[in-house]
Amino acid sequence: MLRLRYEDIVSHPHHQCGQLSRFLELTSTDRGHLCKQLGMRRLGSRVRVAAGPPWLELPHKPLLHELVTRARVARVLRDAHATGLLRGHSVFVGLASAAGKHGRNVLQPEYVDALSSSQIVVTCNPDGWEGDSRLGEALASGALVFADVMLDLPPGLRDGVQLRLYNSTAHLLQQLERTLKAAPVDAARDDRIALAGSAAHSPVLWSPVELIEALFKVARRRRLGLHPLGEQPRVYLPPVPAHLADGEWQTVRDGLRRSTRLRLVESTTPRRRADVTVIELYRLFVAGNRTEALIRAAIDEAHRAGTPVMALDFSDSPHRLLSHDPRIDLYFKRSRVDRRRRRWVEYQPSPLASKVLPLYYPIKTAWLHALREAARSKQPRRNRRTAVAFLWASERKG
């Protein structure tokens, strides 16, 4: 039996009953139950906000549920802690350290401590797209991680092996209740899942070096014209203004500098010719007043030097590519899933559509080391001081 909150349905972008049933992948039996409980005669009817019971019950569980947002997860966990099944447990929902750009780019000891002191860490993707750095950071902390269902679940992660997935806030609460009341044998299984999650060979747990070297393995398979196997490819990373030399650009540079298999060069002049130019698109996009001007200039420079171009697009929006220049040889893009429509984004008619490959957030080197060291120094997972943590900064409604 699956229970749906009525207010979640009427606020859903697919709240016409027919659209909603397709979005939830309901069976014909569930569609009939849904319409009956909403007092509808046909699937095309629109749900009336003023009508309907507080909860709707379906006999079967759909593959995917209503759009789970961070705001809803925060609200449900707070309510459950105040009056529900999490009463009597230590629950943390909110901000553990500085927010915004500073909080995500500078190592925050309070954030590391909050993660590594939690038995269970709940994560949720941003409303509009899939993918952020919080999933990898939660896994690295050694906690048992609950994440929302994803179309693009990062490689190396499986439900029930390295983490647990939930498809609705109701499903999340059911799993939390089962986990917190688990018998010793089940608790030991959860410990194994948490341990496997922290050691998973997944892109969300890669260091910057592992990310860069993995991308270059793809480049070799795609015959990008690198140096012969066994020699260090020389890589050029176009500079950005000093005030923008942070975030993903800094992560890429860190990976290139630390790699023993690649050699970072500072220019593409004939004496120090690069074998490939790696362009971190977003910082050049911002520096160019949110146009392609500086991106095109970097591609022009690589083209004059005769070096292939590997573009890294870390932008959040899944709906657009930051460049459509056909001279780009490999285009890696994160956030390729539209969560609200629950679909992969197609980049036609862009000439780069067939070249777009997946890209995932790595964990900054200092953060990865700090999280793993904190996890080793803390008490066993089941003895940590916080039972459930959801580290989330925004208070917007969702």
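Residues numbered from 1 in each chain as written. Predicted model: local features only at pLDDT ≥ 70, side-chain atom pairs only at ≥ 80, totals over all residues. Heavy atoms only, no water.

*Asks:* Give a detailed account of the overall build of the protein chain, specifying residues and quantitative values.
*Replies:* Helices and strands together make up the secondary structure of the protein chain, namely 14 helices and 15 strands. A total of 398 residues make up the protein chain; the buried ones form 55% of that total. Across the protein chain, every contact between residues at least 6 apart in sequence was considered, and the portion connecting residues at least 24 apart equals 73%. Within the structure as shown, the protein chain displays about 18,800 Å² of accessible surface, and the carbon and sulfur contribution to it stands at 51%. (Helix = DSSP H or I, 4+ residues; strand = E, 2+ residues; numbered from the N terminus. Buried < 20%, exposed > 50% of the residue type's maximum accessible area, 1.4 Å probe, protein only. Contact = heavy atoms within 4.5 Å. Areas by Shrake-Rupley, 256 points an atom, 1.4 Å probe, with all protein chains shown as cover.)

*Asks:* Break down the sheet that holds strand 15 (residues 386–391) for me, with residues and values.
*Replies:* Read across the sheet, five strands follow the order 3-15-4-5-6 without closing on themselves; strand pairing throughout is parallel. With partners counted over all chains shown, the strands left at the sheet margins are strand 3 (91–94) and strand 6 (164–166), one partner each. With direction set aside, neighbouring strand axes in the sheet form an average angle of 20°. Helix-sheet contacts for helix 6 (residues 109–116) involve strand 4 (118–122) and strand 15, and the interaxial angle to strand 4 is about 105°. (Pairing = 2+ DSSP bridges. Axes fitted to C-alpha atoms, helices over the stretch in contact; angles between N-to-C directions.)

*Asks:* Quick rundown of empty space enclosed by the protein? Include the residues and the values.
*Replies:* Tallied over the full model, the rule gives four cavities of 30 Å³ or more. Its boundaries defined by the atoms lining it, the largest cavity holds a volume of some 240 Å³. Around the largest cavity, the lining comprises 22 residues; the ones closest to its centre are Asn125, Glu130, Gly131, Asp132 and Tyr360. Contributing elements (two or more residues each) for the lining of the largest cavity: helix 7 (134–140) and strand 5 (144–148). The class makeup of the residues in the lining of the largest cavity is 10 nonpolar, four polar and eight charged. (1 Å grid on protein atoms, 1.4 Å probe; cavity = no way out; pocket = protein on both sides within 12 Å on 5 of 7 lines; lining within 4 Å. Points joined across faces, edges and corners; volume = space filled by probe spheres on them. Nonpolar A, V, L, I, M, F, W, Y, C, P; charged D, E, K, R; others polar.)

*Asks:* Tell me about the nonpolar core, and name the residues and values.
*Replies:* Within the largest apolar cluster, 48 residues are counted, with the highest numbers of intra-cluster contacts made by Met310, Leu312, Tyr331 and Phe332. Mapped by element, the contributors of at least two residues to this core are helix 10 (208–221), helix 11 (247–258), strand 9 (276–280), helix 12 (281–287), helix 13 (293–305), strand 10 (309–313), strand 11 (330–333) and strand 14 (356–358). With near-sequence residues (within four places) excluded, phenylalanine 332 lies in contact with Leu215, Val218, Met310, Ala311, Leu312, Asp313, Leu357, Pro358 and Leu359. Listed in part, the 26 residues of the second largest apolar core include Ala138, Ala143, Val145 and Met150. (Core = buried A, V, L, I, M, F, W, Y, C linked by side-chain atoms within 4.5 Å.)

*Asks:* Tell me what's going on with the sheet that holds strand 8 (residues 263–265), and back it up with residues and numbers.
*Replies:* The sheet built from six strands is open, its strands ordered 8-7-9-10-11-14 with parallel pairing. A strand with exactly one partner marks an edge of an open sheet, and here the two such strands are strand 8 and strand 14. Sheet twist, expressed as the mean angle between neighbouring strand axes with direction ignored, is 30°. Alignment of strand 10 against strand 11, held across four bridges, turns out to be parallel. Pairing of methionine 310 across the sheet is with leucine 330, part of strand 11.

*Asks:* Got a sec to walk through the packing of helix 10 against helix 11? Specific residues and values, please.
*Replies:* One can describe the packing of helix 10 onto helix 11 by two numbers: an axis separation of 7 Å at closest approach and a directional angle of 80°. By the angle between their directions, the pair helix 10 and helix 11 is classed as roughly perpendicular. Listed contacts from helix 11 to Pro208, Val209 and Ile212 of helix 10 are Thr251, Val252, Asp254, Gly255, Leu256 and Arg258. Partitioned by chemical class, the residues of the contact of helix 10 with helix 11 number five nonpolar, two polar and two charged. (Parallel < 35°, antiparallel > 145°, perpendicular 65-115°, else oblique.)

*Asks:* Give a detailed account of a positive patch on the surface, specifying residues and quantitative values.
*Replies:* There is a patch of like positive charges on the surface, built from Lys217, Arg221, Arg222 and Arg261. For arginine 221, the position within the fold is in helix 10. (Patch = residues over 30% accessible without salt bridge, like charges linked within 9 Å, V, L, I, M, F, W, Y side chains within 5 Å. Salt bridge = Lys/Arg side-chain N within 4 Å of Asp/Glu carboxyl O. Lys, Arg positive; Asp, Glu negative; His and termini not counted. Charge placed at Lys NZ, Arg CZ, Asp CG, Glu CD.)

*Asks:* An account of the pairing of strand 5 is requested, with residue identities and associated values reported.
*Replies:* Most of strand 5 sits out of view: five of its five residues are buried. The side-chain alternation of strand 5 yields two buried faces, one formed by Leu144, Phe146 and Asp148 and the other by Val145 and Ala147. Bridge analysis of strand 4 against strand 5 gives three bridges, and the strand direction is parallel. Directly across from valine 122, in strand 5, lies its bridge partner phenylalanine 146. Tracing the backbone out of strand 4, into helix 7 and back to the parallel element strand 5 gives a crossover that is right-handed. Note: strand 5 against strand 6, three bridges, orientation parallel. From the neighbouring strand, alanine 147 faces strand 6, where its bridge partner is leucine 165. (Right-handed = clockwise from strand over helix to strand, strands pointing away.)

Any functional reading would require information beyond the geometric quantities listed.
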